[in-house]
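Each chain, letter by letter, is given below.
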Amino acid sequence: MSNLVAIVGRPNVGKSTFFNRLIQKRQAIVDDTSGVTRDRHYGKSEWIGKEFTVIDTGGYVVGSDDTFEEEIRKQVELAIDEANVILFVVDNQAGLTDMDKEVGNLLRRTKKPTFLVVNKVDTNKNLHDTYEFYNLGFEKMHTISAMTGSGTGELLDEVVDCFEDVVYEDPYEGLPRVTIVGRPNAGKSTFINALLGEERNIVTDIAGTTRDSIETLYNKFGQEFVLVDTAGMRKKGKVSEDLEFYSVMRSIRSIEECDVCVLVVDATRGIEAQDLNILYLAERNKKGVVILINKWDLVEKETNTMKEFEDQIRRRIAPFNDVPILFISALTKQRVHKAVETFIRVFENRTRRIRTSKLNEIMLPIIEITPPPAIKGKYIKIKYVTQLPTKTPQFAFFANLPQYVKEPYKRFIENHLRREFDFSGVPIEIYFRQK
């Protein structure tokens, strides 16, 4: 198990900026708006040869009736329980506040090493403003600038000294990555919480609750993979906030980096244009695809049967309609675990390798019975087929006149490949080359 470092504090003190500096990536969203970070956010860092995991948390608020702030407070407390070392970040420019004192009271009750980190000390002239933070009751104080990095080295020297001597093991390395995508408020976070059996991600009725792409390790019933919850993606014209724009960018990057893309569709609204855009994005990136029709428990079954709904979706996503479609309810956990089996099957389809001898044995007789149409009196002869050594299913067919093979025949070949070998949910690329 790796060492965990939690970054906590009230809203807008620079926790996410500090987090990004530690992991050396622009992973957490940074904005002047209070309450941007809402879920626990994990990243990997290293200092003087010691690797550790950093947890970025939302701003801790006490005594608020706001839905998000109550949920953020729970997430911060969970992060404190998980962590080996806690970094308590305060804002030098704003000075000591009552909320800082509330967070300090919470942290002093823990038995874990806690470092008071005064952020936004950009010059030595600001140092004399920091002494008031000794009133929080912590023995030592570190002054840093998360923006420029000054002071972080001395802080990390002391942080890593608190670590137990454990070997860092990245639980995500080599594991399948399953990204959950969809329009806002389709039930993505509820679905992940139902799978994990815990309130891992914040869930409210407000669209746009999830802003960062949140990674979680799933390890149950003999299955192990990384689940990535993403922000809801809507049309560019409707993305008015800078924060939402960054969230959508994170979601797109999560699609690009995953193995299987799970599109969650709200059954009460049906599949819409933006759902199709997300699907096409996954297809262009050659990702495995699964479609989950969520909130099926809310649909009137008399007016819309499962078969009719599925047929309608397959017509809309054609020609790439060889995609698993499951009807679920994340709230009642209906068919939730069936979805996990489907993720794994699609991942296996995407990584499947077929022996060249088997390919030729099955595909060449099919081609012989139905050869490509002759062009200008010239007959196209396909003599050999092989799977290319690529991460996704790609096949090369060697012919005497490959330039004359048209798109309809490529579609015919693809359909037979899917029929003979299980490539459900996976885009296939077919090339015709000179023999």
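Keep in mind the model is a prediction, meaning the values are calculated, not measured.

### Overview of the nonpolar core
Ranked by internal contacts, the top residues of the largest apolar core, which has 26 residues, are Phe 191, Leu 227, Val 262, Leu 292 and Phe 343. Listed by contribution, the elements that provide at least two residues to this core are strand S7 (177-182), helix H5 (188-196), strand S9 (223-229), strand S10 (260-266), strand S11 (288-294) and helix H9 (336-350). Per-element tally for this core: the top contributor is H9, with 6 residues. Setting aside chain neighbours within four positions, we find Val 262 in contact with Val 178, Thr 179, Ile 180, Val 181, Val 290, Leu 292 and Phe 343. By size, the runner-up hydrophobic cluster in this structure holds 25 residues, among which are Ile 291, Ile 317, Val 323 and Phe 327.

### Some points on the sheet that holds strand S14 (residues 394-399)
Overall, mixed pairing links the 3 strands, which are arranged S13-S14-S15 in an open sheet. On the outer flanks of this sheet lie strand S13 (382-387) and strand S15 (429-434), each paired with one strand and no other. Strand after strand, the sheet turns through a mean of 25° between neighbouring axes, direction not considered. By the bridge criterion, 5 bridges tie S13 to S14 in an arrangement that is antiparallel. Following the sheet pairing, Thr 386 is matched in S14 by Ala 396. The strands touched by helix H10 (residues 356-369) are S13 and S14; relative to S13, the strand with the most contacts, the crossing angle is about 140°. Contacting S13, S14 and S15, helix H11 (residues 407-420) runs over the sheet at an angle of about 120° to S15.

### Details of the packing of H5 against H9
Their axes nearest at 10 Å, the elements H5 and H9 cross at an angle of 90°. Taken together, the axes of H5 and H9 are roughly perpendicular relative to one another. Residues Phe 191, Ala 194 and Leu 195 of H5 form the contact with H9, whose own contacting residues are Val 336, His 337, Ala 339, Val 340 and Phe 343. Looking at side-chain class alone, the contact of H5 with H9 contains 7 nonpolar, 1 polar and no charged residues.

Conventions we followed
- Residues numbered from 1 in each chain as written.
- Predicted model: local features only at pLDDT ≥ 70, side-chain atom pairs only at ≥ 80, totals over all residues.
- Heavy atoms only, no water.
- Core = buried A, V, L, I, M, F, W, Y, C linked by side-chain atoms within 4.5 Å.
- Buried < 20%, exposed > 50% of the residue type's maximum accessible area, 1.4 Å probe, protein only.
- Helix = DSSP H or I, 4+ residues; strand = E, 2+ residues; numbered from the N terminus.
- Contact = heavy atoms within 4.5 Å.
- Pairing = 2+ DSSP bridges.
- Axes fitted to C-alpha atoms, helices over the stretch in contact; angles between N-to-C directions.
- Parallel < 35°, antiparallel > 145°, perpendicular 65-115°, else oblique.
- Nonpolar A, V, L, I, M, F, W, Y, C, P; charged D, E, K, R; others polar.

Purely spatial values, then, with no claim about function.
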